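Secondary and tertiary structure notes
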Amino acid sequence: MASEANTLLPQFQDPASSLSGPLLDGGGDIDRQHGRRRPNVKEISIGLSGLLIVAISIGLFADTGRHEKPLCRHADAHRAALRSRRGPAMSPVDWKPVSRGKPQGVSEKSNHALAGIRNPIFPWTNNMLTWQRTGFHFQPEKNWMNDPNGPMFYNGYYHIFYQYNPDGPIWGDKIVWGHAASKDMVEWNHLPVAMVADHWYDENGVWSGSATVLPDGQVILLYTGSSNESVQFQNLAYPANLSDPLLIDWVKYPNNPVLGPPPGIKSNDFRDPTTAWKTSAGKWRITIGSKVHRTGLAFVYETEDFKSYQILSGALHAVHGTGMWECVDLFPVAVGSEDGLDSSTNGGGVKHVMKVSLDDDRHDYYAIGTYNEATNAWVPDEPTIDVGIGIRYDYGKFYASKSFYDQNKKRRILWGWVPESDTENVDIMKGWASLQSLPRTLVLDQKTRTNLLQWPVEEIDSLRLDCKEFNRLRVEPGSVIPLAVKSASQADIVAEFEIDKAAMEAAPGSDQEFTCASSGGAAQLGTLGPFGLLVLADHRRIEQTSVHFYISKARDGSLKTSFCTDRSRSSKADDVDKQIYGAFVPVLEGEKLSMRILVDHSIVEGFAQGGRTCITSRVYPTRAIYDDAQVFLFNNATEASLVASVKIWPMRSMSINSNTEDHGNRSPQDDDGSCI
């Protein structure tokens with residue numbers, strides 16, 4: 001993009017506003033009755049010029065109150081009581097496929113994979129739907145949840161905010177910020193709603209945003225509000241009482257909004273401000289996602305006080321054909337170290353990750369590159385795997401993710417929204433929809449230097465109970481081996497595989513390209529795969545979810561490994577999405593094939609090769625539930641045998657409390673989770 005374009009994009013701020021002083025100072029000439037600022041003639045002229053120049057410069061890319069707190073229902077004892085409830089089939093409710101979110105100016109929230117289904121096909125029961133609720137994933141007690149917002153560590157507590165509809169289990173037009181806090185990201189306290197849609201600039205929704213903890217201890221929230229005229233404005237909020245470690249009460253800056261769409265950008269294409277980073281000159285910068293025609297891009301703004309902003313010339317980055325960029329993230333990673341880095345870190349031994357959530361396909365993409373503070377530009381190391389066209393965080397259900405620097409343990413942590421894969425009417429029956437992924441650490445893969453390694457935070461291991469180990473099992477071609485565990489509705493599974501080297505060398509090569517999505521899943525027979533684990537499988541394997549590897553060999557003898565999750569037989573129900581997920585995973589010389597699978601009722605999170613490739617799936621079995629959920633080891637390769645070692649830990653449920661008491665110290669467990 002030409003630098004002149006953004007030079008002419010005026011900031012949404014009264015030029016007379018001060019660049020210093022406390023957060024409660026400042027102002028701006030805004031027409032609050034009609035939800036917009038009153039522009040003067042000069043600004044209109046500049047705006048029209050800006051629109052023209054933006055169009056030309058990007059033409060190179062372009063084709064033509066407080067709500068009631070939910071109650072706790074996550075304790076193991078209560079779950080046992082729910083499990084015993086065997087009710088009759090629930091009555092269906094009328095449901096027509098409705099587009100939710102897209103007409104209002106955000107990503108689609110409805111499940112279009114099932115848009116043709118008008119009524120429930122399967123007779124769901126209370127017993128089945130009760131089982132779907134998770135044991136150790138974060139979710140509110142009831143209703144709809146989507147994007148994680150403003151995660152941070154402050155004064156001894158981890159905080160997560162999230163997009164929440166207090167009125168029901170579907171996305172609504174009055175989205176608020178739910179809030180929870182924890183000392184360990186395992187035992188959570190539900191807190192009162194942090195912000196509601198109560199001003200003209202966020203009347204249609206308090207949408208996504210980020211938190212920044214300043215060196216002096218101040219906490220800044222920047223978020224997108226959808227105004228009474230559906231214009232996307234950026235707004236400022238901060239704690240009412242910094243001495244409260246739970247940060248229960250929040251105050252919106254009285255002179256919001258602090259930013260509006262620049263000229264040349266549509267009113268609904270400007271959202272999701274990032275965590276701020278500090279420059280070498282002592283100023284703060286944020287980036288905000290947008291698009292021009294089909295080119296996705298991110299603008300950068302500079303501020304000294306988070307009230308007044310100057311847009312910087314040029315875009316931070318832009319990629320043609322990727323569409324609207326949501327929930328942009330920019331953060332540093334260490335080269336040669338697994339330590340996390342504060343968002344303001346730059347210089348030698350540092351790479352910068354850029355991540356975007358694509359509105360078009362609702363996937364999260366990232367790339368490794370270099371951020372130049374002087375030129376205000378991020379450049380990918382490998383343009384062929386640029387953001388939006390290359391590597392994804394996750395190849396299943398995972399979107400609108402947000403990372404933060406945990407200064408408590410010097411690590412970077414990632415949260416992601418995991419939507420449902422069923423129909424809205426079933427969500428209405430069960431009264432809730434959506435999960436947050438397990439929090440994951442993020443580090444640069446020091447071997448490939450093109451990948452991040454994602455891994456569940458170490459605190460999740462504290463939920464492990466007695467381990468059962470299956471060491472060096474030989475699995476012949478065509479074999480399926482049951483792994484005797486009492487129940488695997490909640491389990492942490494780690495497996496390693498050694499495939500017969502002679503068979504790999506003797507296998508013929510092929511020009512045919514393998515992809516998980518177009519394959520026959522676990523049932524497809526190949527020379528060197530598939531092989532892996534069947535989870536959430538009943539004893540007859542009428543229902544099963546496969547997490548497996550498939551090795552393909554080219555004519556030149558090179559090997560390519562795919563990591564897949566096959567949901568095609570995950571449920572007897574027809575009103576759930578069962579597509580097969582997967583992607584290529586780099587396997588380097590001398591590495592064993594390894595996977596970790598976290599099973600938690602209706603969610604399965606898979607991590608291959610230490611987290612180089614990840615797949616999150618939602619599954620809805622009708623038979624393989626409660627104690628009927630089992631695990632099997634399988635090998636559907638036709639020529640290669642393998643040796644597998646598997647460890648399985650049943651997982652206890654975490655607790656989510658609907659009060660502000662201190663639940664940071666858990667009761668000691670009888671089992672330490674070690675394998676025997």
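Calculation notes
Residues numbered from 1 in each chain as written. Predicted model: local features only at pLDDT ≥ 70, side-chain atom pairs only at ≥ 80, totals over all residues. Heavy atoms only, no water. UniProt positions renumbered as here; feature names shortened; annotations may be inferred. Core = buried A, V, L, I, M, F, W, Y, C linked by side-chain atoms within 4.5 Å. Buried < 20%, exposed > 50% of the residue type's maximum accessible area, 1.4 Å probe, protein only. Contact = heavy atoms within 4.5 Å. Patch = residues over 30% accessible without salt bridge, like charges linked within 9 Å, V, L, I, M, F, W, Y side chains within 5 Å. Areas by Shrake-Rupley, 256 points an atom, 1.4 Å probe, with all protein chains shown as cover. Salt bridge = Lys/Arg side-chain N within 4 Å of Asp/Glu carboxyl O. Lys, Arg positive; Asp, Glu negative; His and termini not counted. Charge placed at Lys NZ, Arg CZ, Asp CG, Glu CD. Helix = DSSP H or I, 4+ residues; strand = E, 2+ residues; numbered from the N terminus. Pairing = 2+ DSSP bridges. Polar contact = N/O pair within 3.5 Å; in protein donor to acceptor, adjacent residues only side chain to side chain. Axes fitted to C-alpha atoms, helices over the stretch in contact; angles between N-to-C directions.

For the protein chain, the name recorded in an unreviewed UniProt entry is beta-fructofuranosidase, with Trapa incisa as its organism. Taken from UniProt, the Subcellular location (unreviewed entry) comment for the protein chain reads in full: "Vacuole lumen".

**Some points on the nonpolar core**
Ile 493, Phe 497 and Leu 533 are the most contacted members of the largest nonpolar core, which totals 67 residues. Apart from residues no more than four positions distant in its own chain, Ile 493 is found in contact with Leu 533, Val 535, Met 595, Arg 596, Ile 597, Val 599, Val 631, Val 646, Lys 647 and Ile 648. Counting 28 residues, the second largest nonpolar core, distinct from the first, contains Phe 153, Ile 160, Ile 460 and Leu 463.

**Brief notes about a positive patch on the surface**
A cluster of basic side chains, namely Arg 540, Arg 569, Lys 572 and Arg 623, defines a positive patch on the protein surface. You can see Arg 540 is positioned in the loop between β31 (531-537) and β32 (545-553). Taking the relative accessible area as the measure of exposure, Arg 540 reaches 58% and is therefore exposed.

**Comments concerning the pairing of strand β38 (residues 630-635)**
The element β38 is largely enclosed, with a buried count of six among its six residues. Pairing geometry for strand β29 (residues 479-483) and β38, over five bridges, is antiparallel. Within β38, the position partnered with Pro 482 by the bridge is Phe 632. Direction of pairing for β31 relative to β38: antiparallel, over a ladder of five bridges. The partner of Leu 533 across the bridge, within β38, is Leu 633.

**Let's talk about the side chain of Asp 422**
Position of Asp 422 among the secondary structure elements: in the loop between β23 (411-418) and α5 (424-430). For Asp 422, a relative accessible area of 4% translates into the label buried. Of note is the side chain of Asp 422, whose polar atom sits 3.2 Å from the side chain of Lys 430.

**Considerations on the sheet that holds strand β9 (residues 232-239)**
Reading across the sheet, the four strands line up as β7-β8-β9-β10 and stay open at both edges, with antiparallel pairing between neighbours. With one partner strand each, in any of the chains shown, β7 (206-213) and β10 (250-252) form the two edges of the open sheet. Neighbour-to-neighbour, the strand axes of the sheet open up by a mean angle of 30°, direction not taken into account. When β7 meets strand β8 (residues 219-226), the two strands line up antiparallel, connected through six bridges. When the bridges of β8 are listed, Val 206 appears paired with Gly 225.

**A closer look at unusual backbone geometry**
Between Asn 256 and the following residue, Pro 257, the backbone shows a cis peptide bond with an omega angle of 0°. The topology assignment puts Pro 257 in the loop between β10 and β11 (270-271). Of note, the amide linkage connecting Gly 529 to Pro 530 takes the cis form, showing an omega dihedral of 10°. On the secondary structure map, Pro 530 appears in the loop between α6 (501-506) and β31. Residue Ala 400 is not a glycine yet carries a positive backbone phi of 55°. If you trace the backbone, Ala 400 turns up in strand β22 (residues 399-406). Positioned with a positive phi, Arg 472 is a non-glycine residue whose angle comes to about 50°. In this structure, Arg 472 sits in strand β28 (residues 468-475). Judged by relative accessible area, Arg 472 falls into the partly exposed class, the value being 48%.

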